[in-house]
Amino acid sequence: MLVRASGALRGLPRGLRLTARRGLGGTEAASPAADFFPLTRALLRLQGRETEPFLQGLLTNDVTRLAPGGGASEAPRAQYAHLLNVQGRCLYDVILYRIHESSQEETHILLECDAAALDSLQKHLKLYKIRRKVSITPCLDLSLWAVIPKKPSKEFSHELQRCAGKVMVVASDPRVDVMGWRLITSQGTNPLEIVPGCRIGNIKDYHRHRYKQGIPEGVKDLPTGIALPLESNLAYMNGISFTKGCYIGQELTARTHHMGVIRKRLLPIQLAVPVPSENIPDSAEIVTESGKSAGKYRAGSDELGIALLRLANVNEPLRLKLSGDTTVNLTASIPKWWPKPTNA
């Protein structure tokens, strides 16, 4: 299930296509309530009575929290998590969506992942499935949308929730509030017919919004076998449980958490203009004014991006090293959605 913005736009009326090409910074006479972004992400369907214990042994988060209890309305619809290797490094970042409504129904989960990692993730899951009663199949008939409201409001939240019967899933993004909502529809559905007063956004603006907020997503932002979950702010994004049982990669992650020392984290950065025309290489070094290493560039879009930086250097003037002796000034910032220090 790979849904691209250009493909999604073809099914829209001509008048809507014009506004669809403008993103979060566009200007119209009547401001839309939200932008709908067609994501190039993939979905896997996991179904069967052993789905929950199977995922519980692989994911950083506590999958049992998704299970409907006495009151199904109290259970979350979506959950963020990582799958780690045995060294405790990130393999895949995923969002789980609960489809079943009660504990009497067969467990039914949709797993969102980077489309580029779909085949690899499917093989990884089947490797650990062994004889468990779990079916794992790609969802080729579904489309995934990110919904970013212009201004957070209870009215828009209620409007989205009222459309729940017309879509497969509508859920607030389980990572952080600033990422809005996730919507899963049947392929070919025009979300503007379900939630009027909105528009189709440019996917580039979605990624710029992510980078501005410091939200990593996919293998480019979280390199397979390299990124560490706590340095990637997994705990800040509600993606890990430190009280659940064992899972692959838990030992190093739990030890780091209990030591309480995380010296580097993924942070939003902004490059000084003009932005270099050359492609910024992966893991390009970031240094202080004195030339001391402060971290590495991870990914970005134009002047916005994310970098793995030493927290001690965040407030200093920083430079990104490019080819030859070329450098670009940049600034880093602490996202407002981060939890405040307990001694603040």
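Structural data are supplied above this passage.
Described in the following lines is the structure provided in the data block. (Residues numbered from 1 in each chain as written. Predicted model: local features only at pLDDT ≥ 70, side-chain atom pairs only at ≥ 80, totals over all residues. Heavy atoms only, no water.)

## Side note on the pattern of salt bridges
This is how the line gets drawn: A pairing counts as a salt bridge when a side-chain nitrogen of Lys or Arg comes within 4 Å of a carboxyl oxygen of Asp or Glu. Only DSSP runs of H or I reaching four residues or more are called helices, and only runs of E reaching two or more are called strands; each is numbered from the N terminus. Burial here depends on accessible area, computed with a 1.4 Å probe over protein chains only, as a share of the maximum for the residue type. Under 20% is buried, over 50% is exposed, and the range in between is partly exposed.
For the structure on display, the rule yields 19 salt bridges. We note a salt bridge from D93 to R41, for which the minimum N-O separation is 3.7 Å. In this pair, D93 is assigned in strand 4 (residues 90-98) and R41 in strand 2 (residues 41-47), connecting sequence segments 52 residues apart. Take D93 and R41: they sit in the same class, and that class is buried. Salt-bridge contacts for K204 lead to D302; the nearest nitrogen and oxygen are separated by 2.9 Å. One end of the pair, K204, is in helix 7 (residues 203-213); the other, D302, is in the loop between strand 13 (293-301) and strand 14 (304-310), with 98 residues separating them in the sequence. Overall, K204 belongs to the partly exposed group, its relative accessible area being 40%.

## Here's the deal with the sheet that holds strand 8 (residues 169-172)
We apply this condition: Whether two strands pair comes down to DSSP finding at least two bridges between them. Pairs of residues are marked as contacts when any of their non-hydrogen atoms sit within 4.5 Å. To define axes, lines are fitted to C-alpha atoms, for helices over the stretch in contact only, and angles between the resulting N-to-C directions are given on a 0 to 180 degree scale.
Ordered in space as 8-9-7-1-10, the five strands form an open sheet in which the pairing is mixed. Across the chains shown, the open sheet's two edge strands, defined by having one partner strand only, are strand 8 and strand 10 (199-200). Both strand 8 and strand 9 (residues 181-186) contribute to a ladder of four bridges, which runs antiparallel. Bridge pairing links V169 to I184 in strand 9. Its contacts with the sheet put helix 7 on strand 1 (34-38), strand 7 (142-149) and strand 9, and the angle it makes with strand 1 is roughly 105°.

## Observations regarding empty space enclosed by the protein
Inclusion rule: Detection works on a 1 Å grid of protein atoms alone, calling trapped sets that fit a 1.4 Å probe cavities and calling open sets with protein on both sides within 12 Å along at least five of seven lines pockets, with lining residues defined by an atom within 4 Å of a point. Grid points are joined across faces, edges and corners, and a volume is the space filled by probe spheres set on the points. Throughout this entry, Asp, Glu, Lys and Arg are counted as charged residues, while Ala, Val, Leu, Ile, Met, Phe, Trp, Tyr, Cys and Pro are counted as nonpolar. The remaining residues, Gly among them, count as polar.
Throughout the structure, instances matching the rule amount to two cavities of 30 Å³ or more. Roughly 40 Å³ of volume is contained in the largest cavity. Taken together, C90, L91, Y92, D93, C113, D114, A117, G218, V219 and L222 form the lining of the largest cavity. Residue assignment for the lining of the largest cavity shows that the elements contributing at least two residues are strand 4 and strand 5 (108-114). Examining the composition of the lining of the largest cavity, we find that four residues originate from one element, strand 4, more than from any other. Its residues placed into classes, the lining of the largest cavity shows seven nonpolar, one polar and two charged. Put simply, the second largest cavity is a space of about 30 Å³. Forming the walls of the second largest cavity are E52, V63, L66, A67, H100, T107 and I109. Looking at side-chain class alone, the lining of the second largest cavity contains four nonpolar, two polar and one charged residues.

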